[in-house]
Amino acid sequence: MSTKKPQGTLYIVATPIGNLGDMTARAIETLKKVDKICAEDTRNTRKLLTHFGIQADLQALHDHNEQNKIGLIKSWLDSGENIALVSDAGTPLISDPGYHVVNQLGDAYKIEPIPGASAIIAGLSVAGLPTDRFTFEGFLPAKSVGRNKALEANLTERRTQVYYESSHRIVKTIEAMLEIFGSDRKVVLARELTKMFEQIYRGDLAGLQVWIKVDRMHQKGEFVLMLAGYEQEQSTDEQSVAVESLLKILVDELPVKQAAGLAAKITGKKKNELYKLAMSLKKQSL
Ligand code: SAM
């Protein structure tokens, strides 16, 4: 008779994004029962565990050692140990470590989610923007060239777009969005969700730029930036569909600059906005 223990289970456990009251009963129960907890920052997770009276064998698992740790996690699971994976806040793998572990172990081992808080869902739930379809963009590239390129690629994205942003770059990101998407694109900024100084800005990009600069406190903390999709904005302006159709015809026949110039003369719309739209239409038609 074999005495080999059955394989262990890997639990992907969500933790609060700022308010300890959002820790779920299943998260506590799971973190209490597992043999090891892999955490992005063990000191940070230790504080959380102490708060809930959980003693644990904590193992570091972050972006820099994730690949190397996979073999170790495999051996623990093979020896029958149950393992939990947590990140600093929210749901692991969502702009947080864990992807490689789940990707590489998912076929051979039992992996169970213990769902809970995530800033993207918390943000969308109060944004009032369409949520039937949305894109999650995560963090934009840090450098301006990469950031602008990523934003320009979304110029005619019709779904609500969700971006994560930190206090270091929020002002620059809003400036870049204003430049690329135009002043009246609808936007919702969720700051410090679930925390004491939670704030939700709703309005357009021009208003958001004023709001973020008017008080330095508005620039602090963590942010979910949600941008209305292109179609939604255009649906309030029936002419825009015609403008886009006209521009499509012109960019097929003329250089982008000339097409935008001509369209501006015909429609009376701003040349630089039409130029950006023409660039994106050109890219789509390549
Ligand atoms: N895994 C996390 C989740 O499920 O939301 C996200 C981790 S990511 C490293 C951190 C980013 O998430 C922050 O820079 C911010 O954009 C967003 N975020 C996390 N907590 C937040 C909060 N309380 N309010 C607003 N945004 C938050």
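Every residue gets a number counted from 1 within its own chain, in the order that chain's sequence is written. In view of the model being predicted, local features appear only for residues whose pLDDT reaches at least 70, and side-chain atom pairs are presented and counted only at 80 or more, with totals across whole chains, interfaces and linings using the full set of residues. Side-chain numbers come from the whole structure's heavy atoms, not from hydrogens or water.

A. Quick look at the sheet that holds strand E3 (residues 58-60). Spatially, E3-E2-E4-E1-E5 is the arrangement adopted by the five strands of the open sheet, whose pairing is parallel. Only two strands of the sheet have a single partner each, and these edge strands are E3 and strand E5 (110-114). Going from strand to strand, the sheet's axes swing by 25° on average, the running direction of each strand aside. In this description, strands pair whenever DSSP reports at least two bridges between them. Secondary structure counts use DSSP, requiring at least four H or I residues in a row for a helix and at least two E residues in a row for a strand, with both numbered from the N terminus. To define axes, lines are fitted to C-alpha atoms, for helices over the stretch in contact only, and angles between the resulting N-to-C directions are given on a 0 to 180 degree scale.

B. Molecular detail of the domain arrangement of the protein. Throughout, the edges of the domains are those of an automatic or database domain assignment. Annotation of the protein at the domain level lists domain 1 (9-117), domain 2 (120-227) and domain 3 (236-285). Look at where the C-alpha atoms of domain 1 and domain 2 centre, and you get two points 29 Å apart. Any two residues whose heavy atoms approach within 4.5 Å are treated as being in contact. On the side of domain 2, 10 residues touch domain 1, which itself brings six residues to the contact. Throughout, buried area stands for the accessible area (probe radius 1.4 Å) lost by two parts on being put together, summed over both. Around 500 Å² of area is buried between domain 1 and domain 2 when both sides are counted, 61% of it from carbon and sulfur atoms. Salt-bridge detection follows one rule: a side-chain nitrogen of Lys or Arg within 4 Å of a carboxyl oxygen of Asp or Glu. If you look at where domain 1 meets domain 2, you find zero salt bridges. Any N or O atom pair separated by 3.5 Å or less is treated as a polar contact, with the protein-specific requirement of one donor-capable and one acceptor-capable atom, and with residues adjacent in sequence counted only for side-chain atom pairs. The interface formed by domain 1 and domain 2 contains one residue pair in polar contact (both at pLDDT 80 or more). Three residue categories are used. Nonpolar comprises Ala, Val, Leu, Ile, Met, Phe, Trp, Tyr, Cys and Pro, charged comprises Asp, Glu, Lys and Arg, and polar comprises the others, including Gly. Considered class by class, the residues forming the side of domain 1 that touches domain 2 number two nonpolar, three polar and one charged.

C. Inspection of the site of the ligand at higher detail. Working definition: residue near molecule or strand if any one of its non-hydrogen atoms lies within 4 Å of it. By nearness alone, 19 residues border the ligand, and Asp-96, Ser-118, Ala-119, Tyr-164 and Phe-223 come closest of all. With respect to the ligand, the side chain of Asp-96 contributes an N or O atom lying 2.8 Å from a nitrogen atom. One of the side-chain nitrogen or oxygen atoms of Tyr-164 is found 2.7 Å away from an oxygen atom of the ligand. Protein chains bury 91% of the 570 Å² of accessible surface belonging to the ligand in isolation. Taken together, the elements giving at least two residues each to the shell around the ligand come down to strand E7 (160-166) and strand E10 (222-227). Looking at the shell around the ligand residue by residue, the classes come out as 10 nonpolar, four polar and five charged. Shared between two domains, the shell around the ligand holds at least three residues of each, these being domain 1 (9-117) and domain 2 (120-227). Note on areas: Shrake-Rupley, 1.4 Å probe, and residue coverage restricted to the protein chains presented here.

D. Main features of the packing of aromatic side chains. Here the aromatic set is Phe, Tyr and Trp, taking the six-membered ring for Trp, and pairing holds for ring centres within 6.5 Å; pairs whose planes are under 30 degrees apart are stacked, those over 60 apart are edge-to-face, and all others are tilted. Within the structure shown, the criterion is met by three aromatic pairs. Relative to Tyr-164, the ring of Phe-139 has its centre 5.8 Å away and its plane inclined at 65°; by these criteria the two rings are edge-to-face. Placement of the pair is Phe-139 in strand E6 (residues 134-139) and Tyr-164 in strand E7, with a sequence separation of 25 residues. On the basis of relative accessibility, which here comes to 46%, the residue Phe-139 falls in the partly exposed class. The interplanar angle of 45° and the centroid separation of 5.8 Å between the aromatic rings of Tyr-201 and Trp-211 together place this pair among those described as tilted. A residue pair is termed long-range when its members are at least 10 positions apart, and Tyr-201 in strand E9 (residues 199-204) and Trp-211 in helix H8 (residues 205-214) qualify at 10 residues. In this pair, the class of Tyr-201 matches that of Trp-211, namely buried. Among the aromatic residues, those joined into a ring-pair cluster are Phe-136, Phe-139 and Tyr-164. For every residue, the accessible area (1.4 Å probe, protein chains only) is compared with the maximum for its type, and the residue is labelled buried under 20%, exposed over 50%, or partly exposed between those bounds.

E. Structural detail: H8. Three or more residues of H8 are buried, namely Leu-205, Leu-208, Trp-211 and Ile-212. The buried residues of H8 all sit within an arc of 115° when viewed along its axis, so they share a single face. The exposed residues of H8 that point more than 90 degrees off its buried face are Val-210 and Val-214. In this structure, the buried residues of H8 make contact with helix H7 (170-181), strand E8 (186-191), E9 and E10. What the arc describes is the spread of directions from the helix axis to the C-beta atoms.

F. Fine view of the packing of helix H10 (residues 239-253) against helix H12 (residues 271-285). Direction vectors running N to C along H10 and H12 enclose 60°, while the axes themselves pass 9 Å from each other. Where H10 crosses over H12, the two elements pack in a sense that is right-handed. Of the residues in H12, those touching H10 at Val-243, Glu-244, Leu-247, Lys-248, Val-251 and Asp-252 are Leu-274, Leu-277, Ala-278, Leu-281, Lys-282 and Ser-285. Classifying every residue of the contact of H10 with H12 by side-chain character gives seven nonpolar, one polar and four charged. For any helix crossing, the convention is left-handed if the near helix is rotated counterclockwise from the far helix by under a right angle, and right-handed if that rotation is clockwise.

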